[in-house]
Amino acid sequence: MKPNILLIDDDAHVVDMLVMGLKPEFEVVPVSQPEKALQVFQSADFDLVISDIKMPELSGFEILRAVKTANPLIEVILLTGELPDKAKPAVSALKRGAYDYLIKPVKIQDLKSAIHKALAQQRRNLEDKRNLQELIRLANTDTLTGLSNRRHFESQLKLEFERSYRYQRYLSCLILDIDEFSKINDAYGHRYGDLVLQRVGSLISSHLRSSDFKCRYGGEEFVLALPEANETAALAAGEKLRSIFAKESFCFEDTPLHLTACLGLATYWKRNFESAEEMIHAADLALMRAKRDGRNCVRIHPSEVLIKSPNPLFSEMSRIPAEVSSNIPGEVSAELGN
């Protein structure tokens, strides 16, 4: 596929000559009315822009600025009819971000050479950008589960907490811990333990909203932040995860294994917490209570709301206030993507 080039010059004769010389190698879109240049630029995807500097209505510098604002990766070559000894425009053009500056009349071979070099530079810049994006992704991601790592999550949660604090919005935090996870490593080895963690990460990603923050906090502990979710909605989300996780079958050496998880929940509202760290700590206290109360359950800080698994191994009955339980299967569940 030929590179797509936008060629702008108010001299129609110059435009025709350059198009004739460039056409065999490039797709060239000629514009001899500078005032229409930006409209044409926005109407298609261009790899390169070539523009005269001195034109009525719109200068080459204005086009350069507009192109770089729209996409810094698109290279621009500027042309001028000024004498070669006037170096000021050339220096100005390069400082403003132009890839090259050529004196008219331009030799086609010189222009082609500049185009090829500009496109090669663009490819390098694009590759550098991709590499940087990948490095950022790797730096922010837990390699085992694909969720956010702790450092990235905490920085994102801090920003989200500040927004909730400023605009008085709900923000809920869930901490999920796999019950008796050490027994899996002891019985099957760390390789299978890693497979469990990967599956948990996948379940979390699949059953929470895309706007929720999901993190492997460390070991078998996961922390989730639910923007604009009140306690009732977050409780529904926590119970949904607990239930799905309890039903999941993990097979190791052809032996099905069912695991459970406990969750702690804390919800920010009306400045009941002063920081994201304080909210996480409250959710952690609720998680500790869930562990003391027999695991496979959700606990809220500091509410007395309890959700207990029907597992016969646990004797304690469910205890949920009517105003909470009445909302869980209905509109709240729908809001959370059930």
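Residues numbered from 1 in each chain as written. Predicted model: local features only at pLDDT ≥ 70, side-chain atom pairs only at ≥ 80, totals over all residues. Heavy atoms only, no water.

## Topic: the sheet that holds strand E3 (residues 48-52)
Turning to step 1, where the next piece is worked out: Overall, parallel pairing links the five strands, which are arranged E2-E1-E3-E4-E5 in an open sheet. Of all strands in the sheet, those with a lone pairing partner are strand E2 (27-31) and strand E5 (100-103), marking the two edges. Taken pair by pair, the neighbouring strands of this sheet meet at an average axis angle of 20°, ignoring direction.
Turning to step 2, where the next piece is worked out: When strand E1 (residues 4-8) meets E3, the two strands line up parallel, connected through four bridges. Each bridged residue has a counterpart across the sheet, and for Leu 6 the counterpart in E3 is Val 49.
Turning to step 3, where the next piece is worked out: Of the strands in this sheet, E1, E2, E3 and strand E4 (75-80) touch helix H1 (residues 12-22), which is tilted by about 175° from E2.
Turning to step 4, where the next piece is worked out: In the packing of helix H3 (residues 60-70) onto the sheet, the strands contacted are E1, E3 and E4, and the crossing angle to E4 comes to about 180°. (Pairing = 2+ DSSP bridges. Helix = DSSP H or I, 4+ residues; strand = E, 2+ residues; numbered from the N terminus. Axes fitted to C-alpha atoms, helices over the stretch in contact; angles between N-to-C directions. Contact = heavy atoms within 4.5 Å.)

## A closer look at the side chain of Thr 80
Turning to step 1, where the next piece is worked out: Along the polypeptide, Thr 80 turns up in strand E4.
Turning to step 2, where the next piece is worked out: For Thr 80, the residues in contact, after removing those within four places along its chain, are Asp 52, Ile 53, Tyr 101, Leu 102, Ile 103 and Lys 104.

## Considering the packing of aromatic side chains
Turning to step 1, where the next piece is worked out: Taken as a whole, this structure holds seven aromatic pairs when the rule is applied.
Turning to step 2, where the next piece is worked out: Taking 4.0 Å as the distance between ring centres and 20° as the angle between the ring planes, the aromatic pair formed by Tyr 170 and Trp 269 counts as stacked. A residue pair is termed long-range when its members are at least 10 positions apart, and Tyr 170 in the loop between helix H6 (150-167) and strand E6 (171-178) and Trp 269 in the loop between strand E11 (261-268) and helix H10 (276-292) qualify at 99 residues.
Turning to step 3, where the next piece is worked out: A cation sits over an aromatic face here: Arg 150 above Tyr 217, 4.0 Å from the ring centre.
Turning to step 4, where the next piece is worked out: A cation sits over an aromatic face here: Arg 191 above Tyr 192, 5.7 Å from the ring centre. (Phe/Tyr/Trp six-rings, centres within 6.5 Å; stacked < 30°, edge-to-face > 60°. Lys NZ or Arg CZ within 6 Å of the ring centre and 35° of its normal.)

Just distances and angles here, no functional claims.
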